[in-house]
Amino acid sequence: MNGYLLSIIGTVLLCSIITVIIPNGKTAGTVKGIAKLVCVLAIIAPILRFFKTGELDWTTSKIDENNFSKSVIEIDQDFIQYYSESRVRETERQMETLLKEEFNIETAVSLRWEFESETVASRYEWERIRIKQIYVKMPENLSANAWNDVQEYLKKNYCSEVVLE
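In short, a report on the structure. (Residues numbered from 1 in each chain as written. Predicted model: local features only at pLDDT ≥ 70, side-chain atom pairs only at ≥ 80, totals over all residues. Heavy atoms only, no water.)

### Some points on the overall build of the chain
Here comes step 1: Regarding its fold elements, the chain presents 6 helices and 3 strands.
Here comes step 2: When burial is assessed residue by residue, the chain has 18% of its 165 residues classed as buried.
Here comes step 3: Considering only contacts within the chain whose residues lie at least 6 apart along the sequence, 48% involve residues at least 24 apart.
Here comes step 4: Carbon and sulfur atoms make up 57% of the accessible area of the chain, which totals about 12,700 Å². (Helix = DSSP H or I, 4+ residues; strand = E, 2+ residues; numbered from the N terminus. Buried < 20%, exposed > 50% of the residue type's maximum accessible area, 1.4 Å probe, protein only. Contact = heavy atoms within 4.5 Å. Areas by Shrake-Rupley, 256 points an atom, 1.4 Å probe, with all protein chains shown as cover.)

The following block contains the structure:
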């Protein structure tokens, strides 16, 4: 749309300058008539394009579609993988801190995870991280009740299978 308006403004300005500069004479009327015709053609260009391509929308054309397909931004899978792994490591650290605060237990937490695709409204698709299993290295001197409490707490809050070692 901006290109269309700029072409009209430029054409009208150029034609008006030409009609002002041209000296009066036999060809002045012809030049002024041609300048008016060029202005009219610039204004009706979208209608002419409709008869040529069958599209009335002047914001897109076949050339624009081809150029757009070459300039689509590609997803950097390496960055997504790196960022996902760093988020999982941070979640493991947070779980270790949480278990220390809730149960006063020094543990090592390890997560098994995968990407899971999700589609919304049959149109938007993305992948998210899904935690499959939580591995917790528990101290050997804990009671069976403490083991069960930790396991139930993690299952309830993270909805994942919990493996205590």
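### Comments concerning helix H6 (residues 144-158)
Here comes step 1: Counted at 1.5 Å a residue, the expected span for H6 with its 15 residues is 21 Å, and the 21 Å between its end C-alpha atoms agrees.
Here comes step 2: Phi turns positive one or two residues past the end of H6, at Cys159, with a value near 50°. (Expected span 1.5 Å × (residues − 1).)

### Focus on the environment of Leu99
Here comes step 1: As for its placement among the helices and strands, Leu99 is situated in helix H5 (residues 77-103).
Here comes step 2: Sequence separation between Leu99 and Tyr153 is 54 residues; the distance between their C-alpha atoms is 9.4 Å.

### A few points about the nonpolar core
Here comes step 1: Grouped together as the largest cluster of nonpolar side chains are 14 residues, with contacts concentrated most on Val109, Leu111, Ile134, Val136, Val150 and Leu154.
Here comes step 2: Sequence-distant contacts of Ile134, that is, excluding residues within four places in its chain, are made with Met95, Val109, Ser110, Leu111, Leu154, Tyr158, Ser160, Glu161, Val162 and Val163. (Core = buried A, V, L, I, M, F, W, Y, C linked by side-chain atoms within 4.5 Å.)

### A closer look at the packing of aromatic side chains
Here comes step 1: Applying the stated rule across the entire model yields 3 aromatic pairs.
Here comes step 2: Aromatic side chains Phe103 and Tyr153 sit 5.5 Å apart centroid to centroid with 80° between the ring planes, which places their arrangement in the edge-to-face category. Separated by 50 residues along the polypeptide, Phe103 in helix H5 and Tyr153 in helix H6 bring together distant segments of the chain. (Phe/Tyr/Trp six-rings, centres within 6.5 Å; stacked < 30°, edge-to-face > 60°.)

### Considerations on the side chain of Ser160
Here comes step 1: Turning to its location among the elements, Ser160 is positioned in the loop between H6 and strand E3 (161-164).
Here comes step 2: A distance of 3.0 Å separates a polar side-chain atom of Ser160 from the backbone oxygen of Ile131.
Here comes step 3: Each residue touching Ser160, except ones within four places of it in the same chain, is listed here: Ile131, Lys132, Ile134 and Lys155. (Polar contact = N/O pair within 3.5 Å; in protein donor to acceptor, adjacent residues only side chain to side chain.)

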